[in-house]
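Coordinates in review
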Amino acid sequence: MNTYKDYIKEIEERKGQGLNPKPIDGADLLSEIIAQIKDSTNPYREDSLNFFIYNTLPGTTSAASVKAKFLKEIILGESVVEEITPAFALEQLAHMKGGPSIEVLLDLALGDDVSIANEAAKVLKTQVFLYEADTERLIEAFKNGSEIAKDILESYAKAEFFTKLPEIDEEIEVVTFIAGVGDISTDLLSPGSDAHSRSDRELHGQCLFEHNKDMQKELLALKEKHPDKRVMLIAEKGTMGVGSSRMSGVNNVALWTGIPGSPYVPFINIAPVIAGTNGISPIFLTTVGVTGGIGIDLQNWVKQKDADGNTVFDADGEPVLEQTYSVETGTVLTINTKTKKLYSGDKELKDISTALTPQKMEFIKAGGSYAVVFGKKLQTIAAKILGIDVPQVYANSKEISIEGQGLTAVEKIFNKNAVGTTPGKTLHAGSDVRVEVNIVGSQDTTGLMTSQELEMMAATVISPIVDGAYQSGCHTASVWDNKSKANIPRLMKFMNDFGLITARDPKGEYHAMTDVIHKVLNDITVGDWDIIIGGDSHTRMSKGVAFGADSGTVALALATGEATMPIPESVKVTFKGDMKSYMDFRDVVHATQQQMLKQFGGENVFQGRIIEVHIGTLTADQAFTFTDWTAEMKAKASICISEDETLIESLEISRDRIQIMIDKGMDNATQVLKGLVDKANTRIQELKSGEKAALRPDANANYHAEVIIDLDEIAEPMIADPDVNNEDVSKRYTHDTIRPLSYYGGVKKVDLGFVGSCMVHKGDMKILAQILKNVEEQQGKVEFNAPLVVAPPTYNIVDELKAEGDWEVLQKYSGFEFDDSAPKGLARTKYENMLYLERPGCNLCMGNQEKAEPGDTVMATSTRLFQGRVVKDSGEKKGESLLSSTPVVVLSTILGRTPTMEEYETAVDGIVLTKFKPSQKELVI
């Protein structure tokens, strides 16, 4: 009884946190519980029944397997439990989603007892999470003349598991709750510092609104006042869900405002309603769809126009906004799913048809996108087995084909990878396309959720059509604390068994690789026509096209090898002019955003679209700095158009780094990494021989907009500023405030510097070393007036720096160097004025382990400047994270303040910061 007693002890501990018993996923504990249920005199029997029925996780967990077998015993009469009738046991199986429950249902449906078989078949007809082994059993029975197997297959072919679901309510009444003014980061909904608890949904739910108990109480009071309505969470004057896909954020919103997905599975709610004045961030909106939720672009604030129709600007040159309708907290609105309009009483406020497309309506009806994806697949399989055409049940995918119009780069990639589209039809932007996925990435703070999603969709092995998949350890790299020790090895074993290449070896045979996930994915992407899905918003490769995704979409890509989405519109970005010798490519990245906003009167034409950047001469390592930042530009993704020679060089770098992973012993039994090396060599040969040139858009492709970046205009380092004291709250923490170095007058105090994250590459580390040498030569010594934290993105970079002598330079000036044999067990709370050489990984950028001191001004190379991400506010001062190039960060820490232009130019004298020049070749066909 030790396992059960340990569980009871844990329950008591959770009570102290205001939590319910943790859902059961282990076979040993559930086996004890079943033994207690069978014992009519057991004092724990009643509690055991409740745990068994209402608190056991479904899918392929070991507990689910034990539960399914016991329910089978009850149905067959081999065990009798007064409280669980055979009919109720079948109902329980219906809510277990797949895996062992499907195996049991097939056993019963294909068994000898006709009465039981018919009842089991009724349940099977409602299920969609069937895999090859399950359908093979049906095929065999069908071929052997089984009428029940035929009946089940006919039901699947008609998609009755979908058609017989209840229809969506025509009217959904909602009551508004403004969660914040301005852009709302997913950190507000699921803080990075609480990443360790994401797989414990009830516990993680306590962190909503960054643990703001007053806001939580206000939300509960609103729900109590409007028990018959759904709460619509709103970003007023901003975009909802920027910065990350973060399934845990949607899970938290659903937990507080959604509806239970099943009465027998606790704390898994679905169907949240989320909105923003400026809509929902594209990757976050995908996550909302996973749960069958609704995401609405309110547009309740619009730019004010004068009598001539021109935008009115304020004294600061910002567009003046005026409210078209109010959504203040407590406003009751109606979503009409038939007219696809938003109403206040009888007054029509807004057409919301984009939130209620036929495909999204299917997600809502099915309780999420998974059921639709698997349902379509199952329907196709059943129709093929029966030898019939697939009946039209689901909404036709929108197919847009414009005669005479060429293709953008993303349109070409989607057409190449499309599945199930009309044969011979060329598709343009706006088409809904199911595509095969080449590369999938899972990161460690969302990976446990991905593993749960895989268990719940009953998947046990990676899809064979995926070229390669990687499970990272970068988000928990800097501090190997007890939470990481408890979670990460378990995650690595699950993913390794599933078929992924894992950063940590469950068998301990190769050195743990805590490399930043995006860098690894950028290396293992060896096709410029590839599609990549990754569990992080910065999954934005400089080869192929990559989409950041929630943990569930990652799970779906791993299990099926597919993803479904509309082909996005594209914005073409080209360059002219010449870079000044003292400018860094990071400055080009920031200037792109600044010049785009200026060219389009403050409108972000990148938002929700593909940025097709004609990078030309910059290798994938360096170009990644641009593609990575496109998440902050609110783009859906980006694609680099390269010269053939540049792409060859990029592929050779990737191939050689993959070979290093193989040499370290990281390849698996199916030799995934060797397959990627072979693929890289094939593509290199195609390019060298002229057989197949690098990806190019057509000269007559159509773009939403074209942006030309003038390099001559970039005269100073550019800094992305959170503008924490802007009187207009909606303009804080947006990434859109880009300022030149001279704005700070060389006097702004800097408390901490950070060189690291996915935005830097090997070149940045070499620049750092050279600046330190320059400063010592010019001033006689290097003295830090603020701490400088340095976290190389990958171990490969560290090894290459050691071989080239640069690591020795960094060691000379450092006061701390990471030691893998004794990793840190606690995050830093204080920093001294010195250089810290930290372990490769995300470090400060994530905010889930290391953090700056509250109220600090941080100068960083990273990507996030959201409130509380890297630094929290103190009682006296707002914390702020300014984002800039490596040279600016390093100088700021040496000086303890922002440098002047003269100080900056002196420090970088003689250093080649970038070799970027606009391509002189025609990068179209």
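Residues numbered from 1 in each chain as written. Predicted model: local features only at pLDDT ≥ 70, side-chain atom pairs only at ≥ 80, totals over all residues. Heavy atoms only, no water.

With an unreviewed UniProt entry as reference, the chain is termed Bifunctional aconitate hydratase 2/2-methylisocitrate dehydratase, source organism Thalassobellus suaedae.

Remarks on the overall build of the chain
A count of helical and extended segments in the chain gives 31 helices and 33 strands. Taking 29 Å as the expected radius of gyration for a compact globule of 925 residues, we find that the chain reaches 28 Å, a close match to that expectation. With the principal axes as the frame, the chain shows a C-alpha extent of 90 × 65 × 65 Å. Out of the 925 residues in the chain, the part that is buried amounts to 62%. (Helix = DSSP H or I, 4+ residues; strand = E, 2+ residues; numbered from the N terminus. Rg over C-alpha atoms; globule rule 2.2 N^0.38 Å. Buried < 20%, exposed > 50% of the residue type's maximum accessible area, 1.4 Å probe, protein only.)

What about the packing of aromatic side chains?
All chains considered together, the criterion is met by 21 aromatic pairs. Look at Phe129 and Phe374: their rings are 4.9 Å apart centre to centre, the planes differ by 55 degrees, and that puts the pair in the tilted class. Of this pair, Phe129 sits in the loop between α7 (114-124) and α8 (132-143) while Phe374 sits in helix α17 (residues 369-386); the two residues are 245 residues apart in sequence, bridging distant segments of the chain. Judged by its relative accessible area of 8%, Phe129 falls in the buried class. (Phe/Tyr/Trp six-rings, centres within 6.5 Å; stacked < 30°, edge-to-face > 60°.)

Quick word on unusual backbone geometry
Despite not being glycine, Lys237 shows a phi value in the positive range, around 60 degrees. Assignment of secondary structure puts Lys237 in the loop between β3 (230-236) and β4 (240-242). One non-glycine residue, Ala458, lies in the positive phi region at around 60 degrees. Taking relative accessible area as the criterion, Ala458 reaches 5% and is therefore assigned buried.

Some thoughts on the pattern of salt bridges
Taken as a whole and judged by the stated rule, the model has 55 salt bridges. Between Lys679 and Asp467 there is a salt bridge whose closest N-O contact spans 2.7 Å. Residue Lys679 is found in helix α26 (residues 672-689), and its partner Asp467 is found in the loop between α19 (444-456) and β17 (468-471); the two are separated by 212 residues along the sequence. The partner of Arg657 in a salt bridge is Glu800, with the nearest N and O atoms 3.7 Å apart. Of this pair, Arg657 sits in helix α25 (residues 644-663) while Glu800 sits in helix α28 (residues 795-804), and the two are 143 residues apart along the sequence. Shared partners join several salt bridges into a network, and the residues in it are Asp523, Asp621, Arg657, Lys762, Lys766, Glu800, Glu804 and Asp806. (Salt bridge = Lys/Arg side-chain N within 4 Å of Asp/Glu carboxyl O.)

So, the environment of Glu800
Residues Glu800 and Lys762, spaced 38 residues apart in sequence, show a C-alpha to C-alpha distance of 8.3 Å. Setting aside its immediate chain neighbours within four residues, Glu800 contacts Arg657 and Lys762. (Contact = heavy atoms within 4.5 Å.)

Looking at the pairing of strand β8 (residues 294-297)
In terms of strand pairing, strand β7 (residues 273-276) meets β8 through 4 bridges, oriented parallel. Within β8, the residue paired with Val273 across the bridge is Ile294. (Pairing = 2+ DSSP bridges.)

Section: the sheet that holds strand β12 (residues 341-344)
With respect to topology, 7 strands assemble into an open sheet ordered β8-β7-β3-β1-β11-β12-β13, the strand pairing being mixed. The strands lining the two open edges of the sheet, one partner per strand, are β8 and β13 (347-351). The sheet shows a mean angle of 30 degrees between the axes of neighbouring strands, direction not considered. Relative to β12, strand β11 (residues 332-336) runs antiparallel, the two sharing 3 bridges. Paired with Thr334 across the bridge in β12 is Tyr343. (Axes fitted to C-alpha atoms, helices over the stretch in contact; angles between N-to-C directions.)

Looking at the pairing of strand β19 (residues 531-534)
Burial along β19 is two-sided: the residues Ile531 and Ile533 and Ile532 and Gly534 are all buried. Two strands pair when backbone bridges link them, and β19 and strand β20 (residues 545-548) are joined in this way by 4 bridges, in the parallel orientation. The residue of β20 that forms the bridge with Ile531 is Val545.

What about the nonpolar core?
Ranked by size, the top nonpolar core spans 130 residues in total, and within it Tyr470, Phe575, Phe606 and Leu772 carry the most contacts. By size, the runner-up hydrophobic cluster in this structure holds 111 residues, among which are Phe52, Val410, Met449 and Met495. (Core = buried A, V, L, I, M, F, W, Y, C linked by side-chain atoms within 4.5 Å.)

Let's talk about the sheet that holds strand β16 (residues 439-442)
The strand order β18-β17-β16-β19-β20 describes an open sheet built from 5 strands, whose pairing is parallel. The open sheet has two free edges, formed respectively by β18 (501-502) and β20, since each of these has just one partner strand. Helix α21 (residues 517-524) rests against β16 and β17 of the sheet, and its axis sits at about 165 degrees to β16.

Looking at α7
Residues Ile116, Ala117, Ala120, Ala121, Val123 and Leu124 constitute the buried set of α7. All buried residues of α7 project into a common sector of 155 degrees when viewed along the axis, lining one side. When the buried face of α7 is taken as reference, the exposed residues oriented beyond 90 degrees from it are Val114, Ser115 and Lys122. Looking at the packing, one finds that the buried side of α7 touches α4 (62-76), α5 (86-94), α6 (100-109) and α9 (147-157). For α7, the side-chain oxygen to backbone nitrogen distance between the N-cap and Ser115 is 3.1 Å, and the N-cap itself is Asp113. (Arc of directions from axis to C-beta. Polar contact = N/O pair within 3.5 Å; in protein donor to acceptor, adjacent residues only side chain to side chain.)

What about the side chain of Ser281?
Considering the arrangement of structural elements, one finds Ser281 in the loop between β7 and α15 (282-290). Classification of Ser281 as buried rests on a relative accessible area of 9%. Looking at Ser281, its side chain comes within polar contact range of the main-chain oxygen of Gly241, at 3.4 Å. Excluding its chain neighbours within four sequence positions, the residues that come into contact with Ser281 are Thr239, Met240, Gly241 and Val242.

Examining the packing of α19 against helix α22 (residues 551-560)
At a closest axis distance of 8 Å, the pairing of α19 and α22 adopts a crossing angle of 55 degrees. With respect to α22, the axis of α19 lies oblique. Like other packed secondary-structure pairs, α19 and α22 cross with a definite hand, here right-handed. Where α19 abuts α22, its residues Thr446, Met449, Thr450, Glu453 and Leu454 lie against Ser551, Gly552, Val554, Ala555, Leu558 and Ala559. Residue classes in the contact of α19 with α22 are distributed as 6 nonpolar, 4 polar and 1 charged. (Parallel < 35°, antiparallel > 145°, perpendicular 65-115°, else oblique. Left-handed = near helix turned anticlockwise from the far one by under 90°. Nonpolar A, V, L, I, M, F, W, Y, C, P; charged D, E, K, R; others polar.)

A closer look at the environment of Asp183
Mapping Asp183 onto the fold places it in the loop between β1 (171-181) and β2 (184-185). A sequence separation of 52 residues divides Asp183 from Ala235, and the C-alpha atoms of the two residues are 6.3 Å apart. Residues contacting Asp183, with those up to four places away along its chain left out, are Gly238, Thr239, Val242, Lys634, Ser730 and Thr734. Polar side-chain contacts of Asp183 include one of 2.9 Å to the backbone nitrogen of Thr239. A polar atom in the side chain of Asp183 sits 2.7 Å from the side chain of Lys634.

What to know about the side chain of Asn774
On the secondary structure map, Asn774 appears in helix α27 (residues 762-779). Not counting residues within four places of it along the chain, the set of residues in contact with Asn774 comprises Thr906, Ala907, Val908, Asp909 and Ile911.

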